[in-house]
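A closer look at the structure
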Amino acid sequence: MTQSTWNTVPKMKVANKLSGYMPTLDGWRAISIILVVLHHSRVSVAIPVIGPFLEQLSLNGGSGVWIFFAISGILICGRMLQEEQKHGRISLRNFYIRRAFRILPPALLYLVTLAALSPFLHVAKLELLSSMFFFRNYVLAGLPPAYWFTAHFWSLAVEEHFYLLLPGILVFFPKRRVWVLCTLACVVIAWRSWLAHYSNLDLGYRTDTVLDALLIAAVLAIAASNDRYAVYLRRFLTPLSLVFLAAMYVALLYIKVPLNLVLRGMILPLLLLSTSQRPENLIGRILESAPLRWIGRLSYSLYLWQQLFFCDKWWQGALPLGVLQQWPLKLVGLLGCASISYYALERPMMRLGHRIASSGVPGRVVDQAPIAQPQAAR
């Protein structure tokens, strides 16, 4: 039943293996976008304990993006492995059709809106061009708020580059995929360490310095999709381990140790796998609660549009859209735009993409999760 190597995917399913749809990931998406929004907000609550706690969440809210990376690494890799297990191969054609219809329409809608509002927002043409073609993380990255409204496209660029890389590795290196992914992750880690010591470049946005977060998650997805290693993972990822891993991650936010980013990049996917493989416990039930799952489904659209409304924390001078970028209207505007984007555009385009992909050569498309459950974004 099991295979001697975890570079290939077994043909039989076991209960402990990574499944195609993991509802707890919707809850994690919700946590991710909430952290990002808090990070972009001025948080000041004069309530003992609650106030300082929210302020700390705001300071460390950038972790939301890294959670998105971990979700993408696990989910994208896991679904392609499931397709290979079921049909004997991975269809690159169908994968990129589904990805294009999933990612591009909401992103283009947001960029068109920015272009229409450019007399007020003063969005540069290079911002729009680099965001549209996903190289925003190599131009204008890490600069002051003058380029704020497209700054979040750095993470979308990283994910798109990952989508270009991972499928080819899985398809063209079926017997060595783990070693290729691990080697690339080590190269990224070594390259980032070298740059940190010998250059003054901003290393927090470029694909070549952060891609290991997604690569590590993909390796763990391969392990969780294998009969033999899935059993070991489940034994290791107990509720007590979940608490220990969460505490370790929080500690790493405040204590800078060697390979800090690498350790955090390993802990996050393990946390996700722990809750996904044990959804029956309290944390799993919370993550699968209706409010969090609804926010999780809207997370991609929320991530796109929050940058337009939540800008007052770092913006210099008068807010370009006035009261629309102040409480409470900025929250109303965000929820309104994200809901319109999701229900009127995002979900119909996902369905269309799946129909087009399914119209290809029979036997190449794996049964997907419900269309209403989007992938991670970033």
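Basis of the calculations
- Residues numbered from 1 in each chain as written.
- Predicted model: local features only at pLDDT ≥ 70, side-chain atom pairs only at ≥ 80, totals over all residues.
- Heavy atoms only, no water.
- Helix = DSSP H or I, 4+ residues; strand = E, 2+ residues; numbered from the N terminus.
- Buried < 20%, exposed > 50% of the residue type's maximum accessible area, 1.4 Å probe, protein only.
- Contact = heavy atoms within 4.5 Å.
- Areas by Shrake-Rupley, 256 points an atom, 1.4 Å probe, with all protein chains shown as cover.
- pLDDT = per-residue confidence, 0-100.
- 1 Å grid on protein atoms, 1.4 Å probe; cavity = no way out; pocket = protein on both sides within 12 Å on 5 of 7 lines; lining within 4 Å.
- Points joined across faces, edges and corners; volume = space filled by probe spheres on them.
- Nonpolar A, V, L, I, M, F, W, Y, C, P; charged D, E, K, R; others polar.

Below, the discussion takes up the overall build of the protein chain. When helices and strands are counted, the protein chain shows 17 helices and 0 strands. Residues classed as buried in the protein chain amount to 53% of the 378 residues present. The long-range share in the protein chain, meaning contacts at least 24 apart out of those at least 6 apart in sequence, stands at 76%. For the protein chain, the accessible area works out to roughly 16700 Å², and carbon and sulfur atoms hold 70% of it.

Next up on the list: the confidence of the model for the protein chain. Interpretation of this model should avoid reading the predicted coordinates in detail wherever pLDDT is low. Summing up the model confidence of the protein chain, the mean pLDDT is 88 and the portion of residues at 70 or higher is 89%. Element-level mean pLDDT values for the protein chain span from 87 in helix H11 (residues 227–236) up to 98 in helix H16 (residues 299–309). In the model, residues 1–16 has pLDDT below 50 throughout and makes 51 contacts with residues more than four positions away in sequence or in other chains. Note on residues 361–378: pLDDT is under 50 here. Beyond four places in sequence and across chains, it has 66 contacts.

Mapping arginine 192 onto the fold places it in helix H8 (residues 177–198). In this structure, arginine 192 is in contact with Leu203, Thr209, Val210, Asp212, Leu261 and Val262, ignoring residues within four places of it in sequence.

Looking now at empty space enclosed by the protein. All told, the structure shown has 3 cavities of 30 Å³ or more when counted by the stated rule. Lining of the second largest cavity is provided by Trp66, Ala70, Arg192, Val210, Asp212, Ala213, Tyr249, Leu261, Arg264, Gly265, Leu268 and Pro269. Within the residue set of the lining of the second largest cavity, elements represented by two or more residues are helix H3 (63–87), helix H10 (212–224) and helix H13 (260–277). Per-element accounting of the lining of the second largest cavity gives the leading share, 5 residues, to H13. Across the lining of the second largest cavity, the residue classes break down as 8 nonpolar, 1 polar and 3 charged.

Take the layout of surface pockets next. Over the atoms, a rolling probe the size of a water molecule traces out where space has been left empty. Roughly 810 Å³ of internal volume is contained in the largest pocket. Mapped by element, the contributors of at least two residues to the lining of the largest pocket are helix H1 (24–39), H3, H13 and H16. For the lining of the largest pocket, the element with the most residues is H3, which contributes 3 residues. Here the lining of the largest pocket is built from residues that sort into 20 nonpolar, 10 polar and 4 charged. Considering only enclosed or pocket space, the second largest pocket measures out at about 590 Å³ in volume. For the second largest pocket, the lining is made up of 23 residues, of which Ile31, Leu35, Leu57, Tyr249 and Val250 are closest to its centre. Those elements that provide at least two residues to the lining of the second largest pocket are H1, helix H2 (50–59), H3, helix H12 (239–254), H13 and helix H14 (282–287). If you tally residues by element for the lining of the second largest pocket, the top one is H12, at 7 residues. Taken together, the residues of the lining of the second largest pocket sort by class into 20 nonpolar, 3 polar and no charged.

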